[in-house]
Amino acid sequence: MAAAPRRGKPAGGRDPAPDRAAAIGQYRRRAATYDLELAAFEPLRREAVRRLGLRPGETVLDVACGTGLSFGLLHAALGPQGRIVGVEQSHEMLERARRRVADEGWHHVELIESPVEDFAWRGRADAALLHFTHDVLQQPRAVDRVLAHLRPGARIVATGLKWAPRWALAVNAAVRVAAWRSTTTLAGLDRPWRLLEARIGPMTVEARLVGAVYVAQGVVPSHR
Ligand SMILES: C[S@@+](CC[C@H](N)C(=O)[O-])C[C@H]1O[C@@H](n2cnc3c(N)ncnc32)[C@H](O)[C@@H]1O
């Protein structure tokens, strides 16, 4: 049986770090229904891809790409000369991404089945999309791995759940339920882009849905 997500706070009172085995189990169970569940968030996906400012012929990393729901939008922005590199650790999610790529006949999509914190790819992309990838953003090694595969000046857009203001009790109850389903840690939900920002410098962040969702964007500095 798949490992259950670790939810309880340990003795120190801190939320646990992301749990790889739990995440793999979570998305093995969710893969078949994932695309339907995400339908309500498609406007946010469109906004995230638009904010990447992709140009024809560029290369984009789709970090924790899931079933490849962003590929169509990325493909449209990059054109046939562009490249999409999708990294994903869930075999079941990536199988669906593979099928999507085959069905569409896209030849410029490379899929890598790996935890982001360990992935290897020979190249440096022009942009990275981290759409609803909370567990990835909470792991220093994963964030470093993403940045190691981006060129100076590359654009990054991260989106996802976050805690709404304290007074929005019902909204935060909904965030908790959604996070329970899609992440393995509640740690960092106050400012999910914190690790990324610590490495690349100030990001522009906008909140959506009464503060329950964020869109953060930044640029890899040239001195990294
Ligand atoms: C909410 S889904 C988002 C999928 C996709 N980015 C999208 O926009 O639909 C989170 C994804 O992150 C993947 N994931 C979580 N932790 C990961 C890690 N450390 N390395 C690679 N993938 C990871 C999960 O398997 C899942 O597919």
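Residues numbered from 1 in each chain as written. Predicted model: local features only at pLDDT ≥ 70, side-chain atom pairs only at ≥ 80, totals over all residues. Heavy atoms only, no water.

Helix and strand counts for the protein chain come out as 9 helices and 7 strands. The C-alpha atoms of the protein chain give a radius of gyration of 17 Å, which matches the 17 Å a tight globule of 224 residues would have. Considered along the principal axes of its C-alpha atoms, the protein chain spans approximately 50 × 40 × 30 Å. Here the protein chain holds 224 residues, and the buried ones make up 52% of them. Accessible area for the protein chain stands at about 10,700 Å²; split by element, carbon and sulfur atoms hold 55% of it. Within the protein chain, one finds 33 positive and 23 negative side-chain charges whose respective centroids are separated by 4 Å. (Helix = DSSP H or I, 4+ residues; strand = E, 2+ residues; numbered from the N terminus. Rg over C-alpha atoms; globule rule 2.2 N^0.38 Å. Buried < 20%, exposed > 50% of the residue type's maximum accessible area, 1.4 Å probe, protein only. Areas by Shrake-Rupley, 256 points an atom, 1.4 Å probe, with all protein chains shown as cover. Lys, Arg positive; Asp, Glu negative; His and termini not counted. Charge placed at Lys NZ, Arg CZ, Asp CG, Glu CD.)

Counted by the stated rule, this structure contains 3 aromatic pairs. Where Tyr-27 meets Tyr-34, the ring centres are 6.3 Å apart and the plane angle is 65°; that geometry is what we call edge-to-face. Comparing Tyr-27 with Tyr-34, the two get one shared label, buried. On the basis of an interplanar angle of 50° and a centroid distance of 5.0 Å, the ring pair of Trp-193 and Tyr-214 is categorised as tilted. (Phe/Tyr/Trp six-rings, centres within 6.5 Å; stacked < 30°, edge-to-face > 60°.)

So, about the side chain of Gln-139. Inspection of the secondary structure puts Gln-139 in the loop between helix 6 (134-137) and helix 7 (140-148). For Gln-139, a relative accessible area of 19% corresponds to the buried category. Gln-139 has contacts with Pro-18, Glu-117 and Leu-195, leaving out every residue within four places of it along the chain. (Contact = heavy atoms within 4.5 Å.)

This next bit is on the site of the ligand. Around the ligand sit 19 residues, and of these Tyr-34, Arg-45, Ala-64, Glu-88 and His-131 come closest. Between the ligand and Glu-88 there is a distance of 2.5 Å, counted from an oxygen atom to a side-chain nitrogen or oxygen. One of the side-chain nitrogen or oxygen atoms of Glu-117 is found 2.9 Å away from a nitrogen atom of the ligand. Protein contacts shield 97% of the accessible area of the ligand, which totals 590 Å² for the unbound molecule. (Near = heavy atom within 4 Å. Polar contact = N/O pair within 3.5 Å; in protein donor to acceptor, adjacent residues only side chain to side chain.)

Right, let's talk about the side chain of Thr-185 for a bit. Mapped onto the elements of the fold, Thr-185 is located in the loop between helix 8 (169-182) and helix 9 (194-200). The exposure class assigned to Thr-185 is buried, which follows from its relative accessible area of 1%. A polar contact of 2.9 Å, which involves the side chain of Thr-185, links it to the backbone nitrogen of Ala-187.

The final tally for this structure, using the stated rule, is 19 salt bridges. Close ionic contact of Asp-126 with Arg-151 constitutes a salt bridge, the shortest N to O distance being 2.8 Å. Residue Asp-126 is found in strand 4 (residues 125-131), and its partner Arg-151 is found in strand 5 (residues 150-161); the two are separated by 25 residues along the sequence. For Asp-126, a relative accessible area of 15% gives the class buried. Its salt-bridge partner being Arg-191, residue Glu-197 comes within 2.8 Å of it at the nearest N-O pair. On the basis of relative accessibility, which here comes to 17%, the residue Glu-197 falls in the buried class. Exposure remark for Arg-191: the relative accessible area of 33% places this residue in the partly exposed category. Three or more residues joined by partner-sharing salt bridges are found here, namely Glu-47, Arg-51, Glu-206 and Arg-208. (Salt bridge = Lys/Arg side-chain N within 4 Å of Asp/Glu carboxyl O.)

Another aspect to go through is the pairing of strand 7 (residues 213-219). Two faces, one strand: in a regular strand the side chains alternate between the faces of the sheet. Here strand 7 lies mainly inside the structure; 5 of its 7 residues are buried. Bridging between strand 5 and strand 7 involves 7 bridges; their strand directions are antiparallel. Looking across to strand 7, one finds that Thr-159 is bridged to Val-215. When strand 6 (residues 204-208) meets strand 7, the two strands line up antiparallel, connected through 5 bridges. Across the sheet, Thr-204 pairs through a bridge with Gln-217, a residue of strand 7. Between strand 6 and strand 7, which pair antiparallel and follow one another directly, the connecting turn spans 4 residues, one of which, Leu-209, has a positive phi of 50°. (Pairing = 2+ DSSP bridges.)

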